[in-house]
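Observations on the model geometry
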Amino acid sequence: MSLLKVARMGHPVLRARAREIERAELKQGSMQKLIDDMIDTMHEYHGVGLAAPQIHEGMRLFVALLDEEPSKDSDAIAVINPAIVPNGDQREEGWEGCLSIPDIRGMVPRFTDITVRALDRNGKKTELRLRNFAARVAQHEADHLDGILFFDRMTSMQSLTFLEEYSRFHSKDDD
């Protein structure tokens with residue numbers, strides 16, 4: 001496995017709409033290796049999700065830990081060509097960060113209950129019902145596929161903070 005270079009805010013790949021992936025592409029060994037390398041890279045940088053544009057690949061793919069409370073034992077899954085459908089109108093603000101915007105956090109409103117329709121890494125159609133944190137992760141990663149960063153979803157820049165200050169003053173908000 002290889003660790004991949006993560007694109008940082010300002011790189012054009014993060015602002016472009018990614019292309020759909022054909023099922024036949026998923027059968028290629030290079031695509032399966034890319035998925036495995038993305039999972040390894042996500043774990044290396046202590047992320048809970050990583051989208052292909054973040055590793056300089058403009059395709060509609062992300063990997064993520066979609067358990068309600070991810071742990072070191074959680075399995076990452078690949079989500080290809082996702083379509084996100086909110087199950088209701090309820091949204092909640094929550095803290096987000098991003099591997100492409102290191103050491104910054106901000107409050108972002110997201111739907112709390114969604115369905116994700118996508119392909120899995122083998123090209124099989126899948127449907128995931130996600131709530132709360134898992135729903136937040138999927139929406140954040142899917143935004144990357146449309147060239148959207150979490151800053152773009154914030155309703156106010158008042159919560160924008162460096163990680164160090166977040167840890168000192170705000171992380172207790174998560175309890």
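What comes next concerns the included structure. (Residues numbered from 1 in each chain as written. Predicted model: local features only at pLDDT ≥ 70, side-chain atom pairs only at ≥ 80, totals over all residues. Heavy atoms only, no water.)

1. Describing helix 3 (residues 132-145)
Put simply, the test is: Runs of H or I in DSSP of at least four residues are treated as helices and runs of E of at least two as strands, each being numbered from the N terminus. Expected span, for any helix, means 1.5 Å times one less than how many residues it has. For every residue, the accessible area (1.4 Å probe, protein chains only) is compared with the maximum for its type, and the residue is labelled buried under 20%, exposed over 50%, or partly exposed between those bounds.
Taking 1.5 Å of rise per residue, the 14 residues of helix 3 would be expected to cover 20 Å, and the 21 Å separating its terminal C-alpha atoms lies within 8% of that figure. Of all 14 residues in helix 3, 12 are buried, a share of seventy percent or more. Taken residue by residue, helix 3 has Ala134, Ala135, Arg136, Val137, Ala138, Gln139, His140, Glu141, Ala142, Asp143, His144 and Leu145 as its buried positions. Where helix 3 terminates, the next one or two residues include Gly147, which has phi positive at roughly 75°.

2. A short note on the packing of aromatic side chains
Our working definition: Side-chain rings of Phe, Tyr and Trp, where Trp is taken by its six-membered ring, are said to pair if the distance between their centres is within 6.5 Å; with planes under 30 degrees apart they count as stacked, over 60 as edge-to-face, and otherwise as tilted.
In total, this model carries 2 aromatic pairs according to the counting rule given. Centre to centre, the rings of Trp95 and Tyr166 are 5.1 Å apart; their planes meet at 65°, and the pair counts as edge-to-face. Of this pair, Trp95 sits in strand 4 (residues 91-98) while Tyr166 sits in helix 5 (residues 163-170), placing them 71 residues apart in sequence. For the pair Trp95 and Tyr166, one class covers both residues: buried. Measuring from ring centre to ring centre gives 4.9 Å for Phe150 and Phe151, while their planes differ by 65°; the resulting arrangement is edge-to-face. Overall, Phe150 belongs to the buried group, its relative accessible area being 2%.

3. Looking at the pairing of strand 2 (residues 61-64)
Rules: By the convention used here, strands pair only if DSSP detects at least 2 bridges between them.
Judged by which residues are buried, strand 2 turns out to be covered on both faces: Leu61 and Val63 on one side and Phe62 and Ala64 on the other are all buried. Two strands pair when backbone bridges link them, and strand 1 (residues 49-51) and strand 2 are joined in this way by 3 bridges, in the antiparallel orientation. The residue of strand 2 that forms the bridge with Ala51 is Phe62. In the sheet, strand 2 pairs with strand 3 (residues 77-86) via 4 bridges, with the strands oriented antiparallel. Among the inter-strand pairings, Phe62 is bridged to a residue of strand 3, identified as Val79.

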